[in-house]
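Given next are the chains, with one letter for each unit.
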Amino acid sequence: VEQSRIELDEAIDYKLTLVNNSNPVITDLVLLDILPYDSDMRNSSFAGDFTLETLTLEQTGEMGGNLRVYLSNDTGKRNDTAKTVNTNASDWVLLTGTTTGKKTTYTIPANLRTAAAIMVLGDVDGMSRHVISIGMQTDGNNAGDLYVNNATLSGVGIPDEVRAAPVNTFVVSRSVAGRVW
């Protein structure tokens, strides 16, 4: 997470970094990011909502891959991991984007700005690195609220599902009290 603390109704920016430090291609990669929701299993606790504002995928190494990004509003995905998610479910919407150099900026349709999950599918070349950036605008939160996010990953050649460490964003507020003489 880019910010561990935000003010009321500020944006949160997450980055997921996908690295293949080996030579073989990772095929059939599934990366699943269940976005935070109030009282989730990661201990998120917040009032209000958030909307997805930005989503980019940047290749930062010499080699690349063939990655596709999907969104879903289906809250049933909240119980899935990269190994259990149905990647062929009809509620996944493939995003389109504009690529400049090695960076693709995706268009988020209005009906998917409150998505429950992000999924990335494809193959990742050996010795490659990709950064997925997610920008969310919060609205209606309270001081003390907590947003927790992480992702899971699987693919051919990855023996066990990989679970990223959770990252926390706390909502703070400021007040001035007392007397001035």
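Refer to the preceding data block for the structure.
Right, let's walk through the structure included here. (Residues numbered from 1 in each chain as written. Predicted model: local features only at pLDDT ≥ 70, side-chain atom pairs only at ≥ 80, totals over all residues. Heavy atoms only, no water.)

## Description of the sheet that holds strand β1 (residues 5-6)
Thinking step 1. On the basis of which strands lie adjacent, the open sheet formed by three strands has the order β1-β14-β11 and mixed pairing. Both edges of this open sheet fall to β1 and β11 (146-149), since each of them pairs with a single strand only.
Thinking step 2. When β1 meets strand β14 (residues 167-171), the two strands line up parallel, connected through two bridges. The residue of β14 that forms the bridge with R5 is F170. (Pairing = 2+ DSSP bridges. Helix = DSSP H or I, 4+ residues; strand = E, 2+ residues; numbered from the N terminus.)

## A few points about the pattern of salt bridges
Thinking step 1. Throughout the structure, instances matching the rule amount to four salt bridges.
Thinking step 2. Here D40 and R42 are joined by a salt bridge, their closest N and O atoms 3.0 Å apart. This pair shows no difference in class: D40 is buried, exactly as R42 is.
Thinking step 3. Between K77 and D74 there is a salt bridge, with the nearest N and O atoms lying 3.5 Å from each other. (Salt bridge = Lys/Arg side-chain N within 4 Å of Asp/Glu carboxyl O. Buried < 20%, exposed > 50% of the residue type's maximum accessible area, 1.4 Å probe, protein only.)

## So, the pairing of strand β4 (residues 49-59)
Thinking step 1. By the bridge criterion, 10 bridges tie β4 to strand β10 (residues 128-139) in an arrangement that is antiparallel. From the neighbouring strand, T51 faces β10, where its bridge partner is Q137.
Thinking step 2. Here β4 runs beside strand β8 (residues 103-106); their pairing, made up of three bridges, is antiparallel. The partner of E58 across the bridge, within β8, is K103.

## Some words on the nonpolar core
Within soluble globular proteins, side chains that are nonpolar tend to cluster in buried spots.
Thinking step 1. Counting 33 residues, the largest nonpolar core has L52, L55, V69, L71, I132, I134 and M136 as the members making the most contacts within it.
Thinking step 2. Those elements that provide at least two residues to this core are β2 (11-20), β3 (26-34), β4, β5 (65-72), β9 (117-124) and β10.
Thinking step 3. Among residues more than four places away in sequence, those in contact with I134 are I12, D13, Y14, L16, D33, L52, T54, L55 and I118.
Thinking step 4. One finds V30, I34, Y70 and A89 within the second-largest nonpolar core, a separate group that totals 12 residues. (Core = buried A, V, L, I, M, F, W, Y, C linked by side-chain atoms within 4.5 Å. Contact = heavy atoms within 4.5 Å.)

## What to know about the sheet that holds β2
Thinking step 1. Read from one edge of the open sheet, five strands run β2-β10-β4-β8-β7, paired in antiparallel fashion. In this open sheet, the two strands that pair with only one neighbour each are β2 and β7 (97-100). With direction set aside, neighbouring strand axes in the sheet form an average angle of 20 degrees. (Axes fitted to C-alpha atoms, helices over the stretch in contact; angles between N-to-C directions.)

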